Amino acid sequence: MFVIDVMSRVPVYEQIINQVEEQIMTGILKEGDKMPSVRSLSVKLSTNPNTIQKAYSELDRRQMIVTVPGKGSFISPDALEALGVNVREKLPKLNQIVRELALAGISKDEIIENVNKVYEEIE
């Protein structure tokens, strides 16, 4: 379910958050799906339980998961909607990247071609 790259500069807890968000967007994780317990995931990933708890707390803050005491953590009914709001906040960053590409001489057609490739991969 989760793969951690120990050589990455991205902290482990952020890698977990990113993977949960991607799995929600792709439909691998759906509303109501149970998340692994902090303890079991920390053993599986050979990671400190505090790191897993930090990821889960952030996912809860972002409304991706809900935690039910004594039952565990589950994918939130509002996860996709909340994710859409969070992802839309990245549009200004995309605009900046497109601007930098254009200023570097990359043609509009080449940029659009690459965007289309990404959409084709998703479909």
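Preceding this paragraph is the structure being described.
Small disclaimer: the values here were computed from a predicted structure and weren't measured.

Engineer: What exactly am I supposed to notice about the overall build of the protein chain here?
Structural biologist: Of the regular secondary structure elements, the protein chain holds six helices and two strands. Helices (α) and strands (β) of the protein chain occur, in sequence order from the N terminus, as α-α-α-β-β-α-α-α. In summary, the protein chain has a C-alpha radius of gyration of 17 Å against a globular reference of 14 Å for 123 residues, an excess of more than 25%. Counting over 123 residues, the protein chain shows a buried share of 24%. Taking the intrachain contacts of the protein chain between residues at least 6 apart in sequence as the baseline, contacts between residues at least 24 apart amount to 46%. Working note: accessible area of the protein chain is about 9,000 Å², and carbon and sulfur atoms make up 54% of it. Once the 15 positive and 18 negative side-chain charges of the protein chain are each reduced to a mean point, those two points are 7 Å apart.

Engineer: Would you take a moment to explain the layout of surface pockets for this structure?
Structural biologist: The gaps left among the atoms become clear once a water-sized probe is rolled over them. Each pocket or cavity is described by its volume, and for the largest pocket that value is around 1,100 Å³. Lining the largest pocket are 23 residues, and of these Met25, Val87, Lys90, Tyr119 and Ile122 sit closest to its centre. Counting only elements with at least two residues in the lining of the largest pocket, the list comes to α1 (12-25), α4 (79-88), α5 (91-103) and α6 (108-122). The element that contributes the greatest number of residues to the lining of the largest pocket is α4, accounting for six residues. Counted by class, the lining of the largest pocket contains eleven nonpolar, five polar and seven charged residues.

Engineer: Could you clarify how one ought to interpret the packing of aromatic side chains in this entry?
Structural biologist: Aromatic ring pairs are described here by two measures, namely the spacing of the ring centres and the angle between the planes. Evaluated as defined, the whole model comprises zero aromatic pairs. Its guanidinium or amino end placed over the ring of Phe74, Lys34 lies 5.5 Å from that ring's centre, counting from NZ or CZ.

Rules of the game
Residues numbered from 1 in each chain as written. Predicted model: local features only at pLDDT ≥ 70, side-chain atom pairs only at ≥ 80, totals over all residues. Heavy atoms only, no water. Helix = DSSP H or I, 4+ residues; strand = E, 2+ residues; numbered from the N terminus. Rg over C-alpha atoms; globule rule 2.2 N^0.38 Å. Buried < 20%, exposed > 50% of the residue type's maximum accessible area, 1.4 Å probe, protein only. Contact = heavy atoms within 4.5 Å. Areas by Shrake-Rupley, 256 points an atom, 1.4 Å probe, with all protein chains shown as cover. Lys, Arg positive; Asp, Glu negative; His and termini not counted. Charge placed at Lys NZ, Arg CZ, Asp CG, Glu CD. 1 Å grid on protein atoms, 1.4 Å probe; cavity = no way out; pocket = protein on both sides within 12 Å on 5 of 7 lines; lining within 4 Å. Points joined across faces, edges and corners; volume = space filled by probe spheres on them. Nonpolar A, V, L, I, M, F, W, Y, C, P; charged D, E, K, R; others polar. Phe/Tyr/Trp six-rings, centres within 6.5 Å; stacked < 30°, edge-to-face > 60°. Lys NZ or Arg CZ within 6 Å of the ring centre and 35° of its normal.

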